[in-house]
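The chain contents come next:
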Amino acid sequence: MKIEIKNRWSDEIIIAGEYASIKDALAKNRDKNLSGAYLSGADLSGADLSRAYLFGANLSGAYLSGADLSGADLSRAYLFGANLSRANLSRADLSRANLSGADLSGADLYLAVGVNKYLTTPLYSMLDQVGKIRAYKLVDQNGYGPWHKVIQYEKGGSYEVQDADTNENNQCGAGVNLATLDWVLREYVEGYRILIAEFTRKDIACIPISSDGKFRVHRCKIVGEKNIDELLKGD
């Protein structure tokens, strides 16, 4: 098929020709200057982009799971919402890259440069909070987490997971997984409940890099429940 990749700023054609896919086109041209390439939403899973020059490229929403980006220049790249799970980012340059909402679970960040985690999610503001902090726990009708039915949460109950996962490269892991209100509403399906959890800064086990609203705590107390009907009305 004919593939054409343009520069996001100038509209200049960077790559043009017959290729099996965008992934194939990039793999065969990874030694070219790919700065500013517009690749938003592209399926690049497992692609070999090692040492590629992708300065300022738009990779928002791109699927890069398992891709080899070792040694790649991704400085100032726009990676908002990109799936980088299990990607090899060792020795990659991510200076001033926008990683907000990107999934870096299982990614290899060994000797990667410029990963400023404080630019990847607003959740780090919790680390400066004094006293009690509140967030939300999504559960099914019976009080269990929708995906891991291990702990049954009830109003007034206190819960602790001693071996909570503290690896900030893992988006999901052991612990009491809590989230922001917008996150639980995005994941909500009919029959679920939204509980209010209370904890302190020292209870936080991990804020994953580039989290889209989810984090883990060692312990918390369930102090209330949101009114679903009011939340869904959006008033």
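Provided above is the structure to which this section pertains.
Residues numbered from 1 in each chain as written. Predicted model: local features only at pLDDT ≥ 70, side-chain atom pairs only at ≥ 80, totals over all residues. Heavy atoms only, no water.

A.B. asks: Whenever I open this one, the pattern of salt bridges confuses me. Can you help?
C.D. replies: In total, this model carries twelve salt bridges according to the counting rule given. A salt bridge links glutamate 160 to arginine 219; its shortest N-O distance comes to 3.4 Å. Taken together, the positions of glutamate 160 in strand 4 (residues 158–160) and arginine 219 in strand 9 (residues 219–225) put the pair 59 residues apart, joining distant regions of the chain. For glutamate 225, the salt bridge goes to arginine 193, with nearest N and O atoms at 3.1 Å. Here glutamate 225 is found in strand 9, whereas its partner arginine 193 is found in strand 6 (residues 193–199), with 32 residues between them in sequence. (Salt bridge = Lys/Arg side-chain N within 4 Å of Asp/Glu carboxyl O. Helix = DSSP H or I, 4+ residues; strand = E, 2+ residues; numbered from the N terminus.)

A.B. asks: Please explain the environment of isoleucine 5 as it appears in this structure.
C.D. replies: Mapped onto the elements, isoleucine 5 comes out in strand 1 (residues 2–6). By relative accessible area, which is 2% here, isoleucine 5 ends up buried. As a C-alpha pair, isoleucine 5 and alanine 16 span eleven residues in sequence and 6.5 Å in three-dimensional space. Beyond its immediate stretch of four places on either side in the chain, isoleucine 5 contacts Glu12, Ile13, Ile14, Ile15, Ile22, Leu26, Ala37, Tyr38 and Leu39. (Buried < 20%, exposed > 50% of the residue type's maximum accessible area, 1.4 Å probe, protein only. Contact = heavy atoms within 4.5 Å.)

A.B. asks: Would you take a moment to explain the pairing of strand 8 (residues 214–217) for this structure?
C.D. replies: Across the two faces of strand 8 the burial is the same, with Lys214 and Arg216 and Phe215 and Val217 all buried. In this structure, strand 7 (residues 204–206) lies alongside strand 8, joined through two bridges in antiparallel fashion. Directly across from cysteine 206, in strand 8, lies its bridge partner arginine 216. (Pairing = 2+ DSSP bridges.)

A.B. asks: Help me understand the side chain of glutamine 171 in this model?
C.D. replies: Position of glutamine 171 among the secondary structure elements: in the loop between strand 4 and strand 5 (176–179). Judged by its relative accessible area of 14%, glutamine 171 falls in the buried class. Here isoleucine 209 takes part through its backbone oxygen, which lies 2.6 Å from a polar atom of the side chain of glutamine 171. Excluding anything up to four places from it in sequence, glutamine 171 contacts Ala102, Asp103, Leu104, Ser105, Pro208, Ile209, Ser210, Ser211 and Arg216. (Polar contact = N/O pair within 3.5 Å; in protein donor to acceptor, adjacent residues only side chain to side chain.)

A.B. asks: What is the right way to look at unusual backbone geometry in this model?
C.D. replies: Peptide bonds are mostly trans, and most non-glycine residues show a negative phi. For arginine 76, which is not a glycine, the phi torsion comes out positive at approximately 60°. With respect to the element layout, arginine 76 can be found in the loop between helix 1 (22–28) and strand 3 (133–139). Its relative accessible area of 44% is what places arginine 76 among the partly exposed residues. Notably, leucine 111 is not glycine yet its phi reads approximately 60°, a positive angle. Classification of leucine 111 as partly exposed rests on a relative accessible area of 43%.

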